[in-house]
Amino acid sequence: MKEFRRTVFIIITLFVISSCSSKGELRVQHNLDTHIDHGAVASLSVQPDERVKKSESVQEAVRRLHSQLFNRLVSEGVFARVVQAGEAATYDVQVRLLTASEVSQGARILFGVLAGANELALQVDVFETASRNLVVSFTAKGESASHPLSSENDMDDAIREAVDEVILELNS
């Protein structure tokens, strides 16, 4: 009986601990053939995928994602400058929001970890503007913590995790 209680306690502890932090994931479809010129200018486009239901929360996620990418692509040294889509640039970075699932704070308080996590998935395609050659293509996912008392349980945390994955891939 002691063995059973200890096993149950360990399983519950692992479940609670694993839901206390956010995480990201990356899946590459087209490997980076050439190195990105980190001194170059890139144009950035962030749009919801056509299969994503257009809602206010999706539009807000697109705005937040665009803002984080716009700032961090320069501050993390991926590109020297980032401009809006359509402006002259060496690279064209196209980001499509594939999924955005946001859990309300009320649901998180009522249902705890069972309410789930905020999740975000995006497709990133980087082209050389002049030749239209695909440089790299990948899917990045971000997930917030699902625990209601965690400091990483907001949609911004899911976005940060996805952006972290994008930056790591483009800096490699």
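As the structure is a prediction and not an experimental result, all values here were calculated from the model.

On to the packing of aromatic side chains, then. Taken as a whole and assessed by the stated rule, the structure comprises 1 aromatic pair. Residue placement shows R132 over the ring face of F127; its charged tip is 4.6 Å from the ring centre.

Looking at where S131 falls in the secondary structure, it is placed in the loop between strand 5 (119-128) and strand 6 (134-143). With a relative accessible area of 38%, S131 lands in the partly exposed category. Taking C-alpha positions, S131 is 9.9 Å from Y91, a pair spaced 40 residues apart along the chain. Among the polar contacts listed, one links the side chain of S131 to the side chain of N133, at a separation of 3.1 Å.

Quick look at the pairing of strand 4 (residues 91-101) now. In the sheet, strand 2 (residues 41-48) pairs with strand 4 via 7 bridges, with the strands oriented parallel. Paired with P48 across the bridge in strand 4 is L97.

Take the side chain of D125 next. With respect to the secondary-structure elements, D125 resides in strand 5. Of the polar contacts made by the side chain of D125, one reaches the side chain of Q123; its length is 3.1 Å. At a separation of 2.6 Å, a polar atom in the side chain of D125 contacts the side chain of S137. Each residue touching D125, except ones within four places of it in the same chain, is listed here: D92, V93, Q94, R96, L134, V136 and S137.

Another aspect to go through is helix 4 (residues 155-171). End to end, helix 4 covers 24 Å across 17 residues, agreeing with the expected 24 Å (1.5 Å per residue, within 8%). Burial of helix 4 is extensive: 12 of the 17 residues sit out of reach of the surface. Listed as buried for helix 4 are M155, D157, A158, I159, E161, A162, V163, E165, V166, I167, E169 and L170.

Regular strands show a simple pattern: their side chains alternate between the two faces of the sheet. With 8 of its 10 residues buried, strand 5 lies for the most part within the structure. Summarising the sheet, strand 4 and strand 5 pair through 10 bridges and their orientation is antiparallel. Across the sheet, the residue bridging to R96 is Q123, located in strand 5. Note: strand 5 against strand 6, 9 bridges, orientation antiparallel. Directly across from A121, in strand 6, lies its bridge partner K141. The antiparallel pairing of strand 5 with strand 6 creates a hairpin that spans 5 residues between the two strands, and R132 there sits at a positive phi of about 60 degrees.

What counts, and where the lines are drawn
- Residues numbered from 1 in each chain as written.
- Predicted model: local features only at pLDDT ≥ 70, side-chain atom pairs only at ≥ 80, totals over all residues.
- Heavy atoms only, no water.
- Phe/Tyr/Trp six-rings, centres within 6.5 Å; stacked < 30°, edge-to-face > 60°.
- Lys NZ or Arg CZ within 6 Å of the ring centre and 35° of its normal.
- Helix = DSSP H or I, 4+ residues; strand = E, 2+ residues; numbered from the N terminus.
- Buried < 20%, exposed > 50% of the residue type's maximum accessible area, 1.4 Å probe, protein only.
- Polar contact = N/O pair within 3.5 Å; in protein donor to acceptor, adjacent residues only side chain to side chain.
- Pairing = 2+ DSSP bridges.
- Contact = heavy atoms within 4.5 Å.
- Expected span 1.5 Å × (residues − 1).

Take it as geometry only, folks, not as evidence of what the structure does.
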